[in-house]
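For reference, the chains in residue letters:
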Amino acid sequence: MALRNAVLRQLRVPVQTLGMNQSQIGFLGSIRSFSSNDDHLSREAVVDRVLDVVKSFPKVDPSKVTPEVHFQNDLGLDSLDTVEIVMAIEEEFKLEIPDKEADKIDSCTLAIEYVYNHPMSS
Amino acid sequence: MVSRSEVLSLCRAMLRAGRQYPHYNLREYTKRRTLDGFRMNKNLTDQSKVNEAYAEAKAQLVVLERSVKFHSLYPPKTKNIMEVKLQ
């Protein structure tokens, strides 16, 4: 017990008051540090990951992949390949996309929109 | 009369079922085989042949679901080397 106190006394970190003026404190006060909304993915992260999934598809030419590319018109895939890509996106973001919505996703734009707006994407 | 969206729904259902296997090799095989199977028949024009193929796939889906339940009773004890992240 005495040893523990002795060690703690050595480890005590000197407290310094940060010299902040009033305007800085006002700014920092507006940042919500425990907001749960920050857990949601940023749009950039979603775009990057969706494009990675599409590029790693063997039938796709990675140089043609852009965030607006259409799977069947631009990349020359067929509907089964679209199903496969949507499944891969589901696995990447740990989602379960119902059939009705999955039928509508036929381009990168729609995929990115869906994932970004889904509350459970991770 | 089987419609295009029904076929795609069936394909999706089979892929989803195959994803639930605890075994890496069964998961990969199911994915590969269902896509190959659907692609093989994708250019059929005769509606009766399409219906036949659809009925076959539906039966296979039932077998697949049962198989997933069975294999989940005996999951593998070690992680497959292919599932280990490359470092």
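Here the structure is a predicted model, which means the values were calculated and not measured. Numbers given for residues are sequential positions, taken from 1 along each chain in its written order. Here chains are named by letter from A upward and ligands by number from 1 upward, in the order in which they appear as written. Only residues with pLDDT of at least 70 are given local features in this predicted model, and only at 80 or more are side-chain atom pairs given and counted; all residues enter the totals for whole chains, interfaces and linings. For side-chain calculations, the full set of non-hydrogen atoms in the structure is used, while hydrogens and water are omitted.

Focus: the packing of aromatic side chains
The description of two aromatic rings rests on the distance between their centres and on the angle between their planes. Applied cut-off: Note on aromatic pairs: the rings of Phe, Tyr and Trp (six-membered ring only in Trp) are paired at centre separations within 6.5 Å, and the planes decide the class, stacked below 30 degrees, edge-to-face beyond 60, tilted for the rest. Accessibility here uses a 1.4 Å probe with only protein chains present; expressed as a share of the type maximum, an area under 20% marks a residue as buried, one over 50% as exposed, and anything in between as partly exposed. Sitting over a ring, as applied to charges here, requires NZ of Lys or CZ of Arg to be within 6 Å of the ring centre and within 35 degrees of the ring normal.
According to the stated counting rule, one finds one aromatic pair over all chains in the structure shown. Ring geometry for Phe-70 of chain B against Tyr-74 of chain B: centres 6.0 Å apart, planes inclined by 50 degrees, an arrangement best described as tilted. In this structure Tyr-74 of chain B comes out as exposed when scored by relative accessible area, which is 58%. Directly above the ring of Tyr-116 of chain A sits Arg-43 of chain A, whose terminal nitrogen or CZ lies 5.1 Å from the centroid.

Focus on the UniProt feature "domain: Complex 1 LYR protein" (unreviewed entry) in chain B
The test is simple: UniProt positions are given in the numbering used here, feature names are shortened, and annotations may be inferred rather than shown by experiment. The helix and strand labels rest on DSSP assignments: H or I over at least four residues marks a helix, E over at least two residues marks a strand, and numbering proceeds from the N terminus.
UniProt marks residues 6–61 of chain B with the feature "domain: Complex 1 LYR protein" (unreviewed entry), using the numbering shown here. Annotated as 82% helix and 0% strand, the span residues 6–61 of chain B places its first and last C-alpha atoms 14 Å apart.

A closer look at unusual backbone geometry
Backbone geometry places Lys-94 of chain A, a non-glycine residue, at a positive phi of 55 degrees. As for its position among the elements, Lys-94 of chain A is in the loop between helix 4 (79–93) and helix 5 (99–104).

Observations concerning helix 4 of chain A
The condition is simple: A helix is expected to span 1.5 Å for every residue after the first. Residues are treated as being in contact if the distance between any of their heavy atoms lies within 4.5 Å.
Here helix 4 of chain A is 15 residues long and its end C-alpha atoms lie 21 Å apart, about the 21 Å a rise of 1.5 Å per residue gives. The elements touched by buried residues of helix 4 of chain A are helix 3 (43–55), helix 5 and helix 6 (108–117) of chain A together with helix 1 (4–19) and helix 2 (24–40) of chain B. Two residues or fewer past helix 4 of chain A, Lys-94 of chain A is found with a positive phi of approximately 55 degrees.

What to know about a nonpolar patch on the surface
Counted only if it meets this: What makes a patch is a set of residues exposed beyond 30% relative accessible area and free of salt bridges, joined within 9 Å when like-charged and within 5 Å when nonpolar (Val, Leu, Ile, Met, Phe, Trp, Tyr). Each accessible area value is a Shrake-Rupley result obtained with a 1.4 Å probe; residue values ignore everything except the protein chains displayed when judging cover. Should a side-chain nitrogen of Lys or Arg be within 4 Å of a carboxyl oxygen of Asp or Glu, the pair is scored as a salt bridge.
On the surface, Leu-3, Val-7, Leu-8 and Leu-11 of chain A cluster together to form a nonpolar patch covering roughly 370 Å² of accessible area. Judged by its relative accessible area of 66%, Leu-3 of chain A is exposed.

Quick look at the interface of chain A and chain B
Stated precisely, the cut-off is as follows: Accessible area that two parts lose when put together, with a 1.4 Å probe and added across both, is what the buried area reports. Counted as a polar contact is a pair of N or O atoms within 3.5 Å, where, for protein atoms, one must be capable of donating a hydrogen and the other of accepting one, and residues adjacent in sequence contribute only when both atoms are in side chains. Three categories are distinguished: nonpolar for Ala, Val, Leu, Ile, Met, Phe, Trp, Tyr, Cys and Pro, charged for Asp, Glu, Lys and Arg, and polar for the others, with Gly belonging to the last.
If you look at the interface, chain A gives 15 residues, while chain B gives 13 residues. Taking both sides of the interface into account, the surface hidden between chain A and chain B amounts to around 1500 Å²; carbon and sulfur atoms contribute 50%. Broken down residue by residue, the surface that chain A buries against chain B is led by Leu-80, Val-83 and Met-87 of chain A, which jointly contribute 38%. Run the count over chain A and chain B and you get 11 salt bridges. In this structure, the salt-bridge partner of Arg-16 of chain B is Glu-90 of chain A, at a minimum N-O distance of 2.8 Å. Applying the counting criterion to the chain A and chain B interface returns 13 residue pairs in polar contact (both at pLDDT 80 or more). If you tally residues by element for the side of chain A that touches chain B, the top one is helix 4 of chain A, at eight residues. For the side of chain A that touches chain B, the class distribution of residues is five nonpolar, one polar and nine charged.

Notes on the packing of helix 3 of chain A against helix 6 of chain A
Residues and elements named next belong to chain A. Spelled out, the test is: To get an axis, a line is fitted to the C-alpha atoms, and for a helix only the part in contact is used. The angle between two axes follows their N-to-C directions and goes from 0 to 180 degrees. Just so you know how the angles are binned, under 35 degrees is roughly parallel, over 145 roughly antiparallel, 65 to 115 roughly perpendicular, and the rest oblique. Crossings are assigned a handedness: left-handed for a near helix turned anticlockwise from the far helix by less than a right angle, right-handed for a clockwise turn.
Relative to each other, helix 3 and helix 6 sit at 130 degrees, their axes nearing to 10 Å. Put simply, helix 3 runs oblique to helix 6. Between helix 3 and helix 6 lies a crossing of right-handed hand. Contacts between helix 3 and helix 6 pair Arg-43, Val-46, Val-47, Val-50, Leu-51 and Val-54 from the former with Cys-108, Ala-111, Ile-112, Glu-113, Val-115 and Tyr-116 from the latter. When its residues are assigned to classes, the contact of helix 3 with helix 6 shows 10 nonpolar, no polar and two charged.

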